[in-house]
Amino acid sequence: MTQHELKKGSAELLILSLIERQARHGYEISKLIAARSEGTLTFQVASLYPLLYRLEGRGWIQGRWVEKAGERRRRFYRLTAAGRKVLAAQRRGWLQFAEAIRRITGIEYA
Amino acid sequence: MPDWKTIVRERLARLRLKGAREAEIIEELTQDLEDRYNELLVQGISAADARLRAEEILAQSESLAGEIEPAAPLCGFRHDLRLALRNLRTRPAFSSLVIGMLALGIGGNAAIFSIFNGMFLRPLPFKEPAQLVDLDETAPQWKLKYVGVSNADFYEWQKHNATFDSMAFIKQNDFNLSGFGTAERIPGALVTHDLLRVLGLKLVAGRNFSPQEDSQGGDKVVLLGYSLWQRLFGGSREALGRVIKLSGESYTVIGVLPGDAVFPDRVELWVPLAADPNASTGWYLNGVGRLKHGVSIEQAHADLLRVHKSAHLNANKVTSPIITPLRDRFLGNFRTVSRVLLGAVGIVLLIACVNVAALMMMRGAERAREIAIRTAIGASGSRIIRQLLTETLVMAGIGGAAGVALGYLFLRGLLTLMPDQMPRWINFALDARFAVFCVLITGGAAMAFGLLPALQAARVSAGSVLQESGTRSSLSRGSRRTLSGLVVCEIGLALMLLISAGLLIKSFDKVLHVDPGFRPENVITFSVDLPPAVYGKAEQKLTFFRNLVEQLRHIPGVESAAAASAPPLGGHWGNFFQAEGAPPLGPHEQNPVVLQVAVMPGYFDAIGMTFLAGRAFDERDNLLRVGTDGWSADPAKGPLVAIVSEAFARRYWNVETAVGKRIRHSADNAPWITVTGVVKDEKHYGLDQETRPAVYFPYGEAPLESMSMVLRGAIDPEMLAGPARDVLRRMDPGVAMYDMRSMTERLHQSMWARRAYSWLFGAFAMVALALAAAGVYGVISYAVSRRTHEIGIRMALGARPDQVVRTILGSGMALVAAGAAIGLVATLIAARLLEALLFGVSSRDPRIYATMILGVAGVSFVANFVPARRAAAVDPMNALRTE
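Since we're looking at a predicted model, the values are computed, not measured. (Residues numbered from 1 in each chain as written. Chains lettered and ligands numbered in written order. Predicted model: local features only at pLDDT ≥ 70, side-chain atom pairs only at ≥ 80, totals over all residues.)

Scanning chain A from terminus to terminus reveals four helices and three strands. Put simply, chain A runs from its N terminus to its C terminus through helices and strands in the order α-β-α-α-β-β-α. The contacts of chain A with a sequence gap of at least 6 include a subset with a gap of at least 24, amounting to 46%. (Helix = DSSP H or I, 4+ residues; strand = E, 2+ residues; numbered from the N terminus. Contact = placed C-beta atoms within 7 Å.)

We now examine the overall build of chain B. A count of helices and strands for chain B gives 27 helices and 23 strands. Out of the 883 residues in chain B, the part that is buried amounts to 43%. Taking the contacts inside chain B whose residues are at least 6 apart along the sequence as the reference set, 82% of them involve residues at least 24 apart. (Buried ≥ 20, exposed ≤ 12 C-beta atoms within 10 Å, placed from the backbone.)

All right, on to the packing of helix 25 (residues 801–834) of chain B against helix 26 (residues 846–872) of chain B then. Residues and elements named next belong to chain B. As a packed pair, helix 25 and helix 26 sit with axes 9 Å apart at the nearest point and diverge in direction by 150°. Classed by the angle they form, the pair helix 25 and helix 26 counts as roughly antiparallel. The handedness of the crossing between helix 25 and helix 26 is right-handed. Along the contact surface, helix 25 presents Pro 801, Val 804, Val 805, Ile 808, Leu 809, Gly 812, Met 813, Val 816, Ala 820 and Leu 824, while helix 26 presents Ile 853, Val 856, Ala 857, Ser 860, Phe 861, Asn 864, Phe 865, Pro 867, Ala 868, Arg 869, Ala 871 and Ala 872. Residue composition of the contact of helix 25 with helix 26, by class: 18 nonpolar, three polar and one charged. (Axes fitted to C-alpha atoms, helices over the stretch in contact; angles between N-to-C directions. Parallel < 35°, antiparallel > 145°, perpendicular 65-115°, else oblique. Left-handed = near helix turned anticlockwise from the far one by under 90°. Nonpolar A, V, L, I, M, F, W, Y, C, P; charged D, E, K, R; others polar.)

So, about unusual backbone geometry. All names here are of chain B. The linkage connecting Phe 263 with the following residue, Pro 264, adopts the cis geometry, with an omega of -15°. Tracing the chain through its elements places Pro 264 in the loop between strand 8 (249–256) and strand 9 (269–272). Despite not being glycine, Glu 128 has its phi angle at roughly 35°, a positive value. Structurally, Glu 128 can be placed in the loop between helix 6 (92–121) and strand 1 (132–138). By C-beta crowding, Glu 128 is classed as partly exposed, having 13 other C-beta atoms within 10 Å. With a phi close to 45°, Ser 247 is a non-glycine residue in the positive phi region. Topologically, Ser 247 is positioned in the loop between strand 7 (243–246) and strand 8.

Turning our attention to the nonpolar core. All names here are of chain B. Counting 121 residues, the largest nonpolar core has Val 222, Ala 563, Val 599 and Val 710 as its most contacted members. For this core, the two domains that each supply at least three residues are domain 2 (148–318) and domain 4 (535–731). The contacts of Val 710, once residues within four sequence positions are left out, are Val 523, Thr 525, Ala 561, Ala 562, Ala 563, Ala 564, Pro 567, Tyr 603, Ala 606 and Ile 607. Membership of the second largest hydrophobic core comes to 108 residues, among which are Met 362, Phe 428, Val 487 and Ala 863. (Core = buried A, V, L, I, M, F, W, Y, C linked by C-beta atoms within 7 Å. Domains from an automatic or database assignment.)

We now examine the environment of Tyr 696 of chain B. Residues and elements named next belong to chain B. On the secondary structure map, Tyr 696 appears in strand 21 (residues 694–698). For Tyr 696, a count of 25 C-beta atoms within 10 Å gives the class buried. Sequence separation between Tyr 696 and Met 600 is 96 residues, and the spatial gap between their C-alpha atoms is 9.9 Å. Residues within four places of Tyr 696 in sequence aside, it is in contact with Val 597, Val 599, Ala 642 and Ile 643.

What follows is about the environment of Gly 686 of chain B. Residue and element names in this part refer to chain B. Inspection of the secondary structure assignment puts Gly 686 in the loop between strand 20 (673–679) and strand 21. Taking the C-beta count within 10 Å as the criterion, Gly 686 has 18 such neighbours and is therefore assigned partly exposed. Gly 686 sits 61 residues away from Leu 747 along the chain, and the two C-alpha atoms are 7.3 Å apart.

Looking now at the sheet that holds strand 2 (residues 61–66) of chain A. Residues and elements named next belong to chain A. Taking strand neighbours across the sheet as the criterion, the three strands line up as 1-3-2 in an open arrangement whose pairing is antiparallel. With one partner strand each, in any of the chains shown, strand 1 (24–25) and strand 2 form the two edges of the open sheet. Inspection of the sheet shows strand 2 paired to strand 3 (residues 74–79) by six bridges, in the antiparallel sense. By the bridge assignment for strand 3, Gly 63 is matched with Tyr 77. (Pairing = 2+ DSSP bridges.)

Right, let's talk about the confidence of the model for chain A for a bit. Low pLDDT means the predicted atomic positions in that stretch should not be read closely. When the pLDDT values of chain A are averaged, the result is 78; 82% of them are 70 or greater. Below a pLDDT of 50 lies the segment residues 1–8 of chain A, which in the model reaches twelve contacts outside its immediate sequence neighbourhood of four places, other chains included. (pLDDT = per-residue confidence, 0-100.)

Written as C-alpha cells, this is what we have:
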C-alpha cells in the first residue's frame, strides 16, 4: 500500500470501521466520527454521502432501506464480505504506518 | 420545519440523476438535514439559527453535486465548467492576467499564421495547383537565376518533353487602350493558346484562342479580364465580337477570363503570342507547365534538361531549364521571413505559457489545502486533474477567443503595411485552416501551461498539507525547482528573440543608411509607352520624347526633367560588353551581366547621380545614331558615346583611366563606343541588393518605345503630377502615362518587407522581454512572500537588510545568468537561420549580443530588486507573529 493510498484511505477506513459490527445510517456515521474524535474530525454532508455512494459502488458496503415501527424508513449501510477484507487490509496498513512513524519520531500515542 | 426535501431537490436539480436514484439520494440527504436541524433545536438553538446552520452545510452543494457520481459524463464536465468559472470569478486579477498573456501570445500567432497560410498553405485558385510549375531558364555563369525562355527552347521543350501534361508561355506586355475616353494603359500578356488548359480555367464567356490565331499572321483577337470586361462593357455579352484598339491596332474580343484567377498577376488582357518557331530570339518568355500526375519536379527537370541538351549540342551551354513550384516563384522570398516570424511569435507564446504555468503553480500551492481535503475525502487524483484542467481549458478558451480577435486586428494592421505587391490570388481571409490552427494552438497552450501544475497539485501529499493547517503552505522543493526552471527558460527565450531582433533592426538601419548613389528627394517618375503603330520610326520616338522632356521642364516648380529606360528600382535590361584594353578573362572567369540604360540628356542631373570623371551627355550626343533597322547603333551616323558606372570602370580598368576608352556589345561585329564619363554606382535593384556594372547610352543610340520620365521639383514633387499629365494629354491623348510615384515612395516600398519584419521582430522581442520580466518578478516576489518567516528569523538573528537583499538578488540573478547562458548558446545556433535576412551585420555581431545580454540583465535586475527590497523591509517581529 503506497503512502498516497494510505492517506486517501483514511476516510474510508473510518467509515468501514464504524459499520463493522452493525449497520448504521449516514447521519449516525457522521455523528459518531465527530463524537469519537471529540470534534477533531468532522464530515460534511458534501463529503460523507458521496463517499458512501462510492464505497457502495465498489461493493465494499451495502445500503438498504429499513423501516422500523413508528419511524420513517432510513438507509442503513453494512459491511459486505469484500468490504471486510478491505477493512482488514487497511487496518494493517495503518498500523504499519503508525508503527513506522512511531519508530522514527518516537511519538507514543495513546 | 423547513421543507428540506424541496431545498435539497433544488440544490441537486442540475445533477440529473436517474429518477429513482435521485429520489433515494434526496430522501437520504433530507433526513440527514432534518436530523441535524432537530438536534440543533433540541440543543436550544433558535429555529432560524438552526435552519441557517443546516443550510450552510448544503451551501457546499456545488461540490456535493460534483462528488456524486454523475448520470452522464457530460454532467461532470458541466459541473467542472461551472466550478471553473466560479473559481475564475473569485480571482479576477489572476484570471485576467492569465487570459491577457494568452491573448497576447495567441493573437500574435493567429496574425502571423494567417499571413503564412495565405502565402503558403491556401491552394492557388487554379485547377490542381500542386501540379503547376514555373518554367524558366537559369544562367549561373551570368549570375542570373532566371533569364527567361527563348523561342526555340519553348518549342523544343513543348514538343519533346515526356513529363508535362501541358505547357504555356507568356510575355507580359502592356497595351495602350484607346477609344474609351483618355488613353489608358492596360496590363496585358501575350500568351500561347494552351495557357487556359494549363491553368485549368474556364472562360466566363466566349471561346479560347485557336491554334491558328496563335501563329504567325493569325487574326488579332483578345480575351478580356473580368474586371476590364465589367468596366468597359458593363459585363454584357455583347462585348463578344466587338473590336477594341490596343496600342493602335484593332483586336476582336472573343472571350472573357474568370475574375478570381488572374494570371499573370494583375493582367487584364490576353492576346495570342503567335511566336515564330524559327526565329532565333533572346530569352524573353515566362513559362508555366502542368506536370503529369506522379511526376516529381526533379523528374521533370531531368526530362527538360535532356530535351534542352539534345537541342543545343553546340550553341547553348550557358542556360539550362529551371523548374520552380508556381507559388515559390512568386512568394519564395517570403518563405524564410514568414517561417522566422512564425518562430518568433511561437517563442512569444511559449514565454506567455511559461509565465502562466508559473502563475498556475503558485496558485496551485495556495490551493493545496483545498486539494488535500478533497483528496482526503476520496476524490481521486484523476478527478482533481480533470477539474484543474477544466479550469485551464476555460482560461485558454477565453484567452484564445480574445487572442483571435486581437490577432484579427493585428492582421488588418499588417496588411495595411503591405504594399499592393502581393499577387491578387493570394488573400489573407480567415478560413477553416486558420480556425483549426487557432483551436490547436489554444489547446496546445492550455496543455503546456496547465498540465504540469495540475500534476504537481495532484501529487501534493494530503497529510503534509493538512498538518500545516493554519500556516501558509510553501512550495515543495520539486515545485521550486520547476519554477526556477521556468524562469531560466523565459530568460533564454527572451534573449534569443532580443538578439535576433537586434540583428534585424541593425540590418534595417544599415540598409537605410546605404548611399543610394542618387538623390531621391523631390523626384517623381512616371512611365510613358508609345504605341508602335503610331510611333513606328526611331525619329518619331526621339522627337516625341525630346518634346515631352522640353515641355516638362517648363512646368513651374520643375528644376530638371529627363527620361531613362530604367531609373533606379525601375527594372533591368542586361547585356554583355567587351572593354578595350581590359585584361583578358581568366579561364573560369565570365563576363558580368551589365545593366544598360538609355537616357535623355539631363538625366544624371535630374536623378541626382554624381560624376566621378568625364562629362554628361548633351543634345549633340543625343542625335539619332541608329542604322536602317531603326534599332542598332550605327557609327556611320556619328560618334557613339556611353557613360559607364564606377563598378564597370573598376571591373575593366579603373575610374581615372576609363574616359576615352572604348566598349562594345559582346558580338563580333558590334561597333565600338567611346566612354565619355564615369558615374557613381546607383543602387538600381534596391538598397539591400548588390549592384551590377552599368552602361548608359544616349537615347538616340537606342530609341525605345517605353521610357520613364524623371522630374526633380523645387517643390513637393506630388504637385507636379497634375501639370505633367496635362502636358502629355496636350501632346497626344492616345499615349498613356502610368506608374507615377515619387522616388522616395519607391525606395520606401522597395523595403516594405524588411521594414515590416524588422519591426515585427522588435515588437515581439519587447513583448517577450516584458513577459519574461513579469515572470521573473512574479516568481521572485512569490518566493519572497513564502520566505517572509525565514527572513524574519534571519533578521531577528542579526542579518542586515543589505545582506537579505544580496541573498535574494543573488539567487534570482543566478537564474537569470543561467537563462542568459542557455539563450546565448541557442541564439548562436539559431541565428544562422536569420543570415539570409541580415544586411551588413554578422549573425554573431558581438556588440548586439553584448547590448542585449546587458539589457536582459538590467531588466531582470529590476524585476529581482523590487521584491528583494521588499523582503529587506520585513519587520522581523511582525513576520514571526503572523506565522
